[in-house]
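Okay, here's what each chain looks like letter by letter:
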Amino acid sequence: MVTFKNLFFASLIALASCNPVVQNLILHEKVDAPPAGFVHNGPASDSTTLNLRIALVSSNIPGLEKALFDVSTPDSALYGQHLTKEEVEAFVAPTPDTVSNVNAFLSANGITPQTISPAGDWLSFSIPVSKANEIFGADFSVFVDQSNGKSSIRTLSYSIPESLQGHIELVHPTVTFPVSVGAPRFSTPGDIRPASQGNTDAAVAPDAVPASCANTVTPACLQALYGIPATPATQASNKLGVSGFIDQFAQTADLKSFLTLLRPDMSSATTFALQTLDGGSNPQGRNEAGIEANLDIEYTVGVATGVPVTFISVGNNFQDGALEGFLDIINFLLAESAPPHVLTTSYGQNENTISRSLANTLCTAYMQLGARGTSILFASGDGGVAGSQTSSCSTFLPTFPSGCPFMTSVGATTGIAPEKAATFSSGGFSNFFARPSYQSTAVPAYLTALGSTNAGKFNTSGRGFPDISAQGQSVEIVSGGTAELVDGTSCSSPIFASVISLLNDRLIAAGKSPLGFLNPFLYSATGAAALNDITTGNNPGCNTNGFPAKTGWDPVTGLGTPNFAKLLTAVGL
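Quantities reported herein were computed from a predicted structural model and do not represent experimental measurements.

(A) Quick look at the packing of helix α6 (residues 252-262) against helix α7 (residues 291-301). Following both chains from N to C, one finds α6 and α7 inclined at 45°, their axes separated by 10 Å at the closest point. With respect to their mutual orientation, α6 and α7 come out oblique. Judged by the twist between their axes, the crossing of α6 over α7 is right-handed. Residues Asp254, Leu255, Phe258, Leu259 and Leu262 of α6 lie in contact with α7, whose contacting residues are Asn294, Ile297, Glu298, Tyr299 and Val301. Looking at the contact of α6 with α7 residue by residue, the class counts come to 7 nonpolar, 1 polar and 2 charged.

Next up, the structure:
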């Protein structure tokens, strides 16, 4: 798993000079101190330009949430009847009154905003620090990240006019700080073969898991372990999206080598489509190879046989500020008439590094895409109970967006006979988001079995994660022309996404709808019974052994790993 980094960009909006407009300001967001590792380096220059965004309050988010669950819950009469672009936008669009009031405030201060989301709920504009401090009652200052020496301009609090309460969700970037990039995890290479050597495991009989899979995981291992079919998918409309960030580029030459080595039954010419936004690209060349991007592409193209895969490369010209393109990619897909049926992302951050308001707003964006019929999967993180990457902590650190209840969080397993929890698999309970209804049985059952273990170190009423898991240790990839082993929930998310895409292929071929938002199905008795329950292992961190895996759901491996044949039956095929 990789974490967000700190780059941002927005187009400049001309600012007319004007007299200040005095309004009664009310504190809107505040943090007591910058995140650990950031130091205050004085006030920002008054003349420095800030590229700010305002999230407007949507007209009917409760209605959208109800609609999402109606189309995602198997026993609902509306199950599978996913919403259109226009139907989702009608729920999310701010009211005319909100638009009028916010625009009047901005216009009075000489600001002409630009709409940057399909539903019109996000505005962007550029103003100098002096103006931002004045109209938002802020104190924008320079903060330096000691881990990398990079500076950013943030404020520890800001206010909005009293008249705009209930109209403005948040102003960004303000109290949320950039997060440094974490490195992908690697296994010790050991006896890994060169990329030019043929594969001897690909022709094993179904369900006969080769002993070598205990040390090196390949597509053949996954096919045997989870019963994933090698027969090609047939439905051209069934697209699988792979998110690409932080200059991670997927290489066609490495994919060709990977398929030759580990999927010799597939054409080595099989490739992927490319979409770009925010100035994204996908340059080819051995020195451009991205470990994360190659992993994600190789374990979608190479596992979801025949499913059309698209690599969505997000550049650094962000329109969403310090969200690093994570909102931009969702808005990009929401603007499409036919977004992918599955989206897998191997990036994230600790929940305590993002403001609650910003987390809620991004989570709402996932709700929108889920209502459109997209299954959104994220790697849960690689720090056990200590966050997205191992961190120093006294209480457990949940990750984001895994705490968001409108996406599916994927943890990691390792080994065969038995398959057990990977120690790095991030899991726990959100401090921002309450336990959703679909977890009303599974999570209390785990907490009862857990007893007093780790008492006081986590939020017992929070949304639990991960939801599911898949193999994530010693996974073989090809990158830069070399076969390597990698670890992480970054491996697990594309693997499980591939399983969902193959199920969708069968559903669409049978004239049925794709699965869409997965969790109500997964937590149903039928869905949970179609998964391999992982009951061994734990995820240590924060000077503890973390959470233990147990029968049923647990905050290490979720509900378990996929069993394709059982899942096929569970979805009605």
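(B) Seen up close, the packing of helix α8 (residues 326-334) against helix α9 (residues 356-371). Here α8 crosses α9 at 25°, and the two axes come no closer than 10 Å. Accordingly, the angle class assigned to the pair α8 and α9 is roughly parallel. Once α8 is placed against α9, the crossing between them reads as left-handed. Between α8, through Phe326, Leu327, Ile330, Leu333 and Leu334, and α9, the contact on the second element is made entirely by Leu362, Ala365, Tyr366, Gln368 and Leu369.

(C) Molecular detail of the sheet that holds strand β8 (residues 151-154). Read across the open sheet, the 3 strands follow the order β3-β7-β8; overall the sheet is antiparallel. On the outer flanks of this sheet lie β3 (38-43) and β8, each paired with one strand and no other. Taking the axes of each pair of neighbouring strands and ignoring which way they run, one obtains an average angle of 35° across the sheet. With 4 bridges connecting them, strand β7 (residues 141-145) and β8 associate as antiparallel partners. Directly across from phenylalanine 143, in β8, lies its bridge partner serine 152.

(D) Expanded view of α7. Burial within α7 is extensive, with 11 of its 11 residues counted as buried. Those residues of α7 that sit buried are Ile291, Glu292, Ala293, Asn294, Leu295, Asp296, Ile297, Glu298, Tyr299, Thr300 and Val301.

(E) Quick look at the side chain of glutamine 223. Summarising the element assignment, glutamine 223 is placed in helix α5 (residues 219-226). Taking relative accessible area as the criterion, glutamine 223 reaches 15% and is therefore assigned buried. Excluding anything up to four places from it in sequence, glutamine 223 contacts Ile228, Ala230 and Arg263.

(F) Main features of unusual backbone geometry. A cis amide bond links phenylalanine 400 to the next residue, proline 401, at an omega of 15°. Tracing the backbone through its elements, the reader meets proline 401 in the loop between β18 (399-400) and β19 (408-414). Residues alanine 417 and proline 418 are joined by a peptide bond in cis, for which omega reads 5°. Positionally, proline 418 belongs in the loop between β19 and β20 (420-421). Even without being a glycine, alanine 417 presents a positive backbone phi close to 45°. Locating alanine 417 in the fold gives a position in the loop between β19 and β20. Although it is not a glycine, asparagine 454 adopts a positive phi angle of roughly 60°. Locating asparagine 454 in the fold gives a position in the loop between α10 (442-450) and β22 (462-465). Take asparagine 454: its relative accessible area is 13%, and that puts it in the buried class.

Definitions and cut-offs
Residues numbered from 1 in each chain as written. Predicted model: local features only at pLDDT ≥ 70, side-chain atom pairs only at ≥ 80, totals over all residues. Heavy atoms only, no water. Axes fitted to C-alpha atoms, helices over the stretch in contact; angles between N-to-C directions. Helix = DSSP H or I, 4+ residues; strand = E, 2+ residues; numbered from the N terminus. Parallel < 35°, antiparallel > 145°, perpendicular 65-115°, else oblique. Left-handed = near helix turned anticlockwise from the far one by under 90°. Contact = heavy atoms within 4.5 Å. Nonpolar A, V, L, I, M, F, W, Y, C, P; charged D, E, K, R; others polar. Pairing = 2+ DSSP bridges. Buried < 20%, exposed > 50% of the residue type's maximum accessible area, 1.4 Å probe, protein only.

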